[in-house]
Amino acid sequence: MSQTNALRVNGERLWSRLMQMAAIGATPHGGCNRPALSDADMAGRALLSRWAQAAGCHARVDAVGNLFIRRPGRDDALPVVMTGSHLDTQPTGGKFDGVYGVLAGLEVIESLNDQGLTTQHPIELCVWCNEEGSRFPMAMMGSAVWSGRLGLDAALALTDRAGISVRHELQRAGIATDAPLARQPVKASFEVHIEQGPVLEQRTKIIGVVTGVQHMSRHEVLVEGQEAHAGPTPMDMRRDPIRVLADVLPALYAAAAQRGRDARLTVGFIETLPGSPNTVPGRLRFTVDIRHPEAAQYAALREETGRLVRAALQRHALAGEIRCVWEAPGVTFDSGCVAAVREAAEALGFDPLEMVSGAGHDSCNVSAVVPTAMVFVPCAGGLSHNEAESAQPADLSAGANVLLHAMLALAAR
Ligand code: GLV
Ligand code: MN
Ligand code: MN
């Protein structure tokens, strides 16, 4: 066996770094809260940059806050072989979503350093800015700008619920929002991630070869009512926006159920204003996240959601609207990169499962401009976007080894 074939990541170092990163923004129930561009997010990025610097890498940040960590190649003018994910989390996020992909990428670099190996192509580890889209309302933001799918100004203008913009937070962190945004030449890109669903665990598989990502979009519904006293105001004299919610929710769940087990519909945010128990709300805002792996089913569910909301507004004679605030069309990954992942997994003795991702990932945007594929490993009970998210150290090492060898297959020649 050649020196390269025998190469393995250091699983203990990977686990120890995952736990060190999890201490930043740690939550009471064992999870993490590192909203994009918050102090905790910036502290996580600073810790990673210190590790990368100690590993001899050069770090740079682009105008939308993506962080790129570069390990030179033998021919440093060649296109890079890239890997990466995100360090921001959901408000009650886990220790592994995104972070695993970043630290597994760093582990690839460290393992090459340990053996004194230099790849032909340079390697770049990326931390994409605002993948979650839970603070600033557009998921996979940094990779969308990098890939040219979203304008820089549109990203910089996004605001959180307190009205603070991406531009403000980047500048507060000392990031130049007028820095050049040139996309470096990339030969191929790989991302390793926990599955965030139950399939690998149920099938007792350790490695998922991700062939693509399902269609998904996020919609915001606004309904205007009239604030009124909860006691004296007769029911038939109210303009109550919750009437729309009460009609629409069962209809939406029924519409999703009609489209089989693959359909996904989530109402993850509901807000009433002024939010007082004894005032009829003057305004209602809620979100609907819609996903399906089949284009026709996805389009039909999206269309029906709009129709149901508009019909309920009309029925209750209330003003309002539904608008799509974010959409990521389904993706089929590059067959060459998918093959590199499959071959790496098989060479390491795994019997991998080919699967389509239910979650969105920066790789969706990256794959629009660069040959891309992903690796999945199981997480306990398929649970993610939850403080209890957990994964086995051995599975995390396995995924990092598959990432290492898939990257080596493209970077070494
Ligand atoms: C990203 O976490 C998504 O919403 O799939
Ligand atoms: Mn993620
Ligand atoms: Mn996530």
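Residues numbered from 1 in each chain as written. Chains lettered and ligands numbered in written order. Predicted model: local features only at pLDDT ≥ 70, side-chain atom pairs only at ≥ 80, totals over all residues. Heavy atoms only, no water.

**Quick notes on the overall build of the protein chain**
No. 1: Scanning the protein chain from terminus to terminus reveals twelve helices and 16 strands.
No. 2: Computed over C-alpha atoms, the radius of gyration of the protein chain comes to 23 Å, within 12% of the 22 Å expected from 2.2 N^0.38 for 413 residues, which places it in the range of a compact globule.
No. 3: Taken over the C-alpha atoms alone, the protein chain extends approximately 80 × 45 × 40 Å along its principal axes.
No. 4: Counted over contacts in the protein chain with a minimum sequence separation of 6, partners at least 24 positions apart contribute 80%.
No. 5: Surface summary for the protein chain: the accessible area is close to 16,800 Å², and the carbon and sulfur share equals 51%.
No. 6: Measuring between centres, the 37 positive side-chain charges of the protein chain sit 1 Å from its 44 negative side-chain charges. (Helix = DSSP H or I, 4+ residues; strand = E, 2+ residues; numbered from the N terminus. Rg over C-alpha atoms; globule rule 2.2 N^0.38 Å. Contact = heavy atoms within 4.5 Å. Areas by Shrake-Rupley, 256 points an atom, 1.4 Å probe, with all protein chains shown as cover. Lys, Arg positive; Asp, Glu negative; His and termini not counted. Charge placed at Lys NZ, Arg CZ, Asp CG, Glu CD.)

**Observations regarding the side chain of His-215**
No. 1: Checked against the element boundaries, His-215 lands in strand 7 (residues 215-224).
No. 2: When its relative accessible area of 16% is taken as the criterion, His-215 is described as buried.
No. 3: Within the structure, His-215 has its side chain in polar contact with the backbone nitrogen of Gly-330 (distance 2.9 Å).
No. 4: Leaving out residues up to four positions away in the same chain, His-215 has contacts with Ile-290, Arg-291, His-292, Pro-293, Glu-294, Ala-295, Tyr-298, Ala-328, Pro-329 and Gly-330. (Buried < 20%, exposed > 50% of the residue type's maximum accessible area, 1.4 Å probe, protein only. Polar contact = N/O pair within 3.5 Å; in protein donor to acceptor, adjacent residues only side chain to side chain.)

**Considerations on the packing of helix 8 (residues 242-258) against helix 9 (residues 295-315)**
No. 1: Interhelical geometry of helix 8 versus helix 9 gives an angle of 160 degrees and a closest axis separation of 9 Å. Here helix 9 runs roughly antiparallel to helix 8, going by the angle between their axes. As helix 8 runs across helix 9, the sense of the crossing is right-handed. For the pair helix 8 and helix 9, contact is made by Val-244, Asp-247, Val-248, Ala-251, Leu-252, Ala-255, Ala-256 and Gln-258 and by Leu-301, Glu-304, Thr-305, Leu-308, Val-309, Ala-312, Leu-313 and Arg-315, respectively. (Axes fitted to C-alpha atoms, helices over the stretch in contact; angles between N-to-C directions. Parallel < 35°, antiparallel > 145°, perpendicular 65-115°, else oblique. Left-handed = near helix turned anticlockwise from the far one by under 90°.)

**Concerning the coordination of the manganese ion (ligand 3)**
For a metal bound by four donors in tetrahedral geometry, the ideal donor-metal-donor angle is 109.5 degrees, whereas six donors in octahedral geometry ideally sit at 90 or 180 degrees.
No. 1: Within the protein, the manganese ion (ligand 3) binds to Asp-97 (OD), Glu-132 (OE), Glu-132 (OE) and His-385 (NE2); these donor distances fall in the range 2.1 to 2.4 Å.
No. 2: Look at where the donors of the manganese ion (ligand 3) fall in the sequence and you get D-x34-E-x252-H.
No. 3: A gap of 3.7 Å separates the manganese ion (ligand 3) and the manganese ion (ligand 2), which Asp-97 links by coordinating each metal. Separated by 35 residues along the polypeptide, Asp-97 in the loop between strand 3 (80-85) and helix 3 (99-115) and Glu-132 in the loop between strand 4 (123-127) and helix 4 (141-146) bring together distant segments of the chain. (Donors = N, O, S within 2.8 Å, 3.2 Å for Na, K, Ca; no water.)

**Description of the pairing of strand 12 (residues 283-292)**
No. 1: For strand 12, the tally of buried residues reaches nine of ten residues, placing the bulk of the element in the interior.
No. 2: Where strand 7 meets strand 12, ten bridges bridge the pair, whose relative direction is antiparallel. Its bridge partner lying in strand 12, Met-216 is registered against Arg-291.
No. 3: As paired elements, strand 9 (residues 264-266) and strand 12 share three bridges and run antiparallel to each other. Residue pairing for strand 12: Leu-265 is matched across the bridge by Ile-290.
No. 4: Two strands pair when backbone bridges link them, and strand 10 (residues 270-273) and strand 12 are joined in this way by four bridges, in the antiparallel orientation. (Pairing = 2+ DSSP bridges.)

**Quick look at the packing of helix 3 against helix 12 (residues 393-411)**
No. 1: As a packed pair, helix 3 and helix 12 sit with axes 9 Å apart at the nearest point and diverge in direction by 60 degrees. In terms of orientation, helix 3 and helix 12 fall into the oblique class. Viewed along their axes, helix 3 and helix 12 form a crossing whose handedness is right-handed. Facing Tyr-100, Ala-104, Gly-105, Val-108 and Leu-112 of helix 3, the residues of helix 12 in contact are Asp-395, Leu-396, Gly-399, Ala-400, Leu-403, Leu-404, Met-407 and Leu-408.
No. 2: Taken together, the residues that form the contact of helix 3 with helix 12 break down as ten nonpolar, two polar and one charged. (Nonpolar A, V, L, I, M, F, W, Y, C, P; charged D, E, K, R; others polar.)

**Focus: the coordination of the manganese ion (ligand 2)**
No. 1: Around the manganese ion (ligand 2), the protein supplies His-86 (NE2), Asp-97 (OD) and His-193 (NE2) as donor atoms, at distances of 2.0 to 2.3 Å.
No. 2: Mapping the donors of the manganese ion (ligand 2) onto the primary sequence yields the spacing H-x10-D-x95-H.
No. 3: The class of His-193 is buried, set by a relative accessible area of 1%.

**A look at the site of ligand 1**
No. 1: Around ligand 1, the neighbouring residues are Glu-131, Glu-132, Arg-291, Ala-359, Gly-360 and His-385.
No. 2: Arg-291 has a polar side-chain atom sitting 2.7 Å from an oxygen atom of ligand 1.
No. 3: Per-class residue counts for the shell around ligand 1 are one nonpolar, two polar and three charged. (Near = heavy atom within 4 Å.)

**Regarding the nonpolar core**
No. 1: Counting 91 residues, the largest nonpolar core has Met-21, Leu-48, Tyr-100, Leu-103, Phe-190 and Leu-396 as its most contacted members.
No. 2: Looking at this core, the element that brings in the most residues is helix 12, giving eleven residues.
No. 3: Beyond its immediate sequence surroundings of up to four residues, Phe-190 is in contact with Val-81, Met-82, Thr-83, Gly-84, Cys-337, Ala-340, Val-341, Ala-373, Leu-403, Ala-406, Met-407 and Leu-410. (Core = buried A, V, L, I, M, F, W, Y, C linked by side-chain atoms within 4.5 Å.)

**Considerations on the side chain of His-121**
No. 1: Among the secondary structure elements, His-121 is positioned in the loop between helix 3 and strand 4.
No. 2: Within the structure, His-121 has its side chain in polar contact with the backbone oxygen of Pro-79 (distance 2.7 Å).
No. 3: In this structure His-121 touches Gly-73, Leu-78, Pro-79, Val-81, Lys-187, Leu-410, Ala-411 and Arg-413, once residues within four positions along its chain are discounted.

**What about helix 1 (residues 11-22)?**
No. 1: Over its twelve residues, helix 1 runs 16 Å from end to end, which matches the ideal 16 Å to within 8%, given 1.5 Å per residue.
No. 2: Along helix 1, the residues classified as buried are Arg-13, Leu-14, Arg-17, Leu-18, Met-21 and Ala-22.
No. 3: Buried residues belonging to helix 1 abut helix 2 (39-54), helix 3 and helix 12.
No. 4: Where helix 1 begins, one side-chain oxygen reaches toward the backbone nitrogen of Glu-12, 3.1 Å away; that side chain belongs to Asn-10. (Expected span 1.5 Å × (residues − 1).)

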